[in-house]
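For reference, the chains in residue letters:
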Amino acid sequence: MKFMKLGSRPDTFFTTEAVRSVSSEISSDLIVQVKGSRYLLHKFPLLSKCLRLQRLCVEKTSQHEIVELQDFPCGIEDFELCAKFCYGITITLSAHNIVSVRCAAEYLQMTEDVEKGNLICKLQVFLNSCVLSGWRDSIVTLQSTKAFPLWSEELGITSTCIEAIASKVLAHPLKMNLSHSYSRRGGRDDISCNGSQSLRHNKPLSKDWWAEDLAELSIDLYWRTMIAIKSGGKVAASLIGDALRIYASRWLPNISKHANLEKNKHSDSDSIGKYRLLLESIISLLPTERGAASCSFLLKLLKAANILKASSSSKMELATRVGLQLEDATVGDLLIPCVSKTSDTIYDVDIIITILEQFMLQGQSPPTSPPRMKEDFVRRRSRSAENIDLEFQESRRSSSASHSSKLKVAKLVDGYLQEIASEEKLPLSKFIFIAEAIPEFARLDHDDLYRAIDIYLKGHPGLNKNERKRLCRMLDCKKLSMKVCMHAAQNELLPLRVVVQVLFFEQARATMSGGHITELPSHIKVLLANHDDISKTSASFKMTPADDQWSASGKLSTLKMKLAENEDLDENYVDGNGTSSRIKASCIFPSRPKRMFSKLWSSNRSVASEKN
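Note that this is a predicted model, so its numbers are computed, not measured.

Conventions used here
Residues numbered from 1 in each chain as written. Predicted model: local features only at pLDDT ≥ 70, side-chain atom pairs only at ≥ 80, totals over all residues. Heavy atoms only, no water. Helix = DSSP H or I, 4+ residues; strand = E, 2+ residues; numbered from the N terminus. Buried < 20%, exposed > 50% of the residue type's maximum accessible area, 1.4 Å probe, protein only. Salt bridge = Lys/Arg side-chain N within 4 Å of Asp/Glu carboxyl O. Pairing = 2+ DSSP bridges. Contact = heavy atoms within 4.5 Å. Axes fitted to C-alpha atoms, helices over the stretch in contact; angles between N-to-C directions. Phe/Tyr/Trp six-rings, centres within 6.5 Å; stacked < 30°, edge-to-face > 60°. Lys NZ or Arg CZ within 6 Å of the ring centre and 35° of its normal. Parallel < 35°, antiparallel > 145°, perpendicular 65-115°, else oblique. Nonpolar A, V, L, I, M, F, W, Y, C, P; charged D, E, K, R; others polar. Polar contact = N/O pair within 3.5 Å; in protein donor to acceptor, adjacent residues only side chain to side chain. 1 Å grid on protein atoms, 1.4 Å probe; cavity = no way out; pocket = protein on both sides within 12 Å on 5 of 7 lines; lining within 4 Å. Points joined across faces, edges and corners; volume = space filled by probe spheres on them.

So, the environment of Arg136
Moving on, step 1. Considering the arrangement of structural elements, one finds Arg136 in helix H6 (residues 135-144).
Moving on, step 2. The buried category is assigned to Arg136, whose relative accessible area is 9%.
Moving on, step 3. Once the C-alpha coordinates of Arg136 and Trp210 are considered, the two residues, 74 residues apart in sequence, prove to be 9.9 Å apart.

So this is what it looks like as structure tokens:
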């Protein structure tokens, strides 16, 4: 810490009955009232350097009348330092008190016009030549301006400090004077501008050596400083992102305690508003480059934005940024708490839908049509959100989502669906929309999707038959592993059509590998109970290595008939793509091996001939 001593006389100020006086052979002839404190001083030393006191004394009619400094901007200790300077008493100045003493001297008008070598001139020289040349001193000085914002702005101290700090960040670390830097980590660096100097440690610096020191600043000063650093164009975007992460981790801790905003007392509203301002300021400082801030950090900001009820434009900007690098997220990152009064879900599903849309928009031109309406929820886009989209259009087109990133996001989405599927208030439409937001090719297997569907079915027992069919329609049985197929074949919550498809593909798989199939599920047995003997049906589904055919072919046709009755199948129905259900039904059978199908049809003919 750099310091400067002015004056050479010893301190002769003393206190008597709450009155500060100066020990002198000459009786005092000036009474000054400052902040409730009274000083018995002398006119000659003070009036010769303080123009304001000169003018106030001229206005007094009585010699012993008290001069009141009602609007004095600083504390009594700062007035006393100015008074001691007038008496030639030794005073010590440093980065901690230079701002307050500078404001006090300005108030007292201790300028060069009154006397050469006055206090303001000496303070200004010390500030520019010593204090602002050091890194740590510059930060301490900037922090002290917070106590005198108007005076510091008018005198240019705040802007000067910010410029000095920004220039040091932009400069090469080896070319700058790091006064008191890293003092919190065990170093010392006390330097006197009068000549004495202690040892300075030369510790190697990392690229983001400045981030932790700047994290001590209040958000308004930090914002202005970061703007100055970013405008220099010499600091990498990743370093800016790391600095913002360090600042957020310091000033936004345990933000979840404010989740229930309605339960907070009115006394906490100011605190919440302060946190919200801080958060939105951090968001506004995020670099536009993709990957400048980690996906995990962006999602943490998004969680805080939800809890603090930040502006929709801030949340939209975060969602857009997350969408550009969604493959780096984890399932836990996506579990964003929902605090909206219009939604009963635990997690905010709508913001995840927005993130997925932004992810899929990479490499595409911006949409020209108005936003789509998704059944029971609508997302409105504000003008600020549209401006954010324009800002990210170029980044989105130049960083289209790769095939591998879509594979990662598909696994991520299926894991997320498993986490939210048990929510009782989660609408089926939103669950399906999230699942279908990922292209089909991105899911190499449907095991995780099946688990999510199974959890949703268990958590929503009130689903009707059509809703269950709609939910399971996106499941591809061909992409299920053997273990999952075994579970699905016994799952009574699944529509019968899905169970039959699983059985068909599993039987084909077992036939090709020479294996055998276990008994039919109990609910399939019940379906066939009125048609034939259950034990014979179960036995007919068993296969041995010596019998390379489906001995249950007759029962399969019966099962299909029963399924048509229970599922209201219409083989003449044609869907929107012009494909009949008869063709779709034929597509669920595997194409190989041909020998298996020839034996299946031959066995059907033999059964028909026996009946005739």
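Once the structure has been displayed, the description carries forward.
What about the pattern of salt bridges?
Moving on, step 1. One pass over the full model with this rule turns up 17 salt bridges.
Moving on, step 2. A salt bridge links Glu216 to Arg136; its shortest N-O distance comes to 3.0 Å. With Glu216 in the loop between helix H9 (211-214) and helix H10 (219-232) and Arg136 in helix H6, this residue pair connects regions lying 80 residues apart in the sequence.
Moving on, step 3. Where salt bridges share partners, they join Asp11, Arg20, Glu80 and Lys84 into one cluster.

Points about the sheet that holds strand S2 (residues 13-16)
Moving on, step 1. What the five strands build is an open sheet, ordered S2-S3-S5-S4-S6; its pairing is mixed. Each having just a single partner strand, S2 and strand S6 (67-68) make up the two edges of the open sheet.
Moving on, step 2. Where strand S4 (residues 30-34) meets strand S5 (residues 37-41), five bridges bridge the pair, whose relative direction is antiparallel. What sits directly across from Val34, in S5, is Ser37.
Moving on, step 3. Each of S2, strand S3 (19-22), S4 and S5 touches helix H3 (residues 76-87); the most contacted strand, S5, lies at about 5 degrees to it.

Here we look at the packing of aromatic side chains
Moving on, step 1. In this structure the tally under the stated criterion is nine aromatic pairs.
Moving on, step 2. An aromatic cluster of at least three residues, connected via ring pairs, comprises Tyr39, Phe72, Phe79, Tyr107 and Trp151.
Moving on, step 3. When the ring centre of Tyr107 is taken as origin, the NZ or CZ atom of Arg52, which lies over that ring, is 4.0 Å away.
Moving on, step 4. For Lys84, the ring lying beneath its charged end belongs to Phe13, and the centroid distance is 5.6 Å.

What to know about the packing of H10 against helix H12 (residues 269-285)
Moving on, step 1. The geometry of H10 relative to H12 is characterised by a closest axis approach of 10 Å and an angle of 0 degrees between their N-to-C directions. It follows that H10 is roughly parallel to H12 by the angle criterion. In this structure, H10 contributes Ile219, Tyr222, Trp223, Met226, Ile227 and Lys230 to the contact, and H12 contributes Leu278, Ser281, Ser284 and Leu285.
Moving on, step 2. Here the contact of H10 with H12 is composed, by residue class, of seven nonpolar, two polar and one charged.

Some words on the environment of His42
Moving on, step 1. By secondary structure assignment, the location of His42 is in the loop between S5 and helix H1 (43-47).
Moving on, step 2. As a C-alpha pair, His42 and Tyr87 span 45 residues in sequence and 9.3 Å in three-dimensional space.
Moving on, step 3. If we ignore the near neighbours within four places in the chain, the residues touching His42 are Val22, Ser24, Ile26, Ser27, Ser28, Asp29, Leu30 and Tyr87.
Moving on, step 4. A polar contact is formed between the side chain of His42 and the backbone oxygen of Ile26, at a distance of 2.7 Å.

Examining empty space enclosed by the protein
Moving on, step 1. In total, this model carries three cavities of 30 Å³ or more according to the counting rule given.
Moving on, step 2. In this structure, the largest cavity spans a volume of roughly 80 Å³.
Moving on, step 3. Class assignment of the residues belonging to the lining of the largest cavity gives a composition of seven nonpolar, three polar and three charged.
Moving on, step 4. Estimated volume of the second largest cavity: approximately 40 Å³.
Moving on, step 5. The set of elements that each furnish at least two residues to the lining of the second largest cavity consists of helix H16 (349-360) and helix H18 (403-420).
Moving on, step 6. Here the lining of the second largest cavity gets three residues from one element, more than from any other, and that element is H18.
Moving on, step 7. Of the residues belonging to the lining of the second largest cavity, the class tally is seven nonpolar, no polar and no charged.

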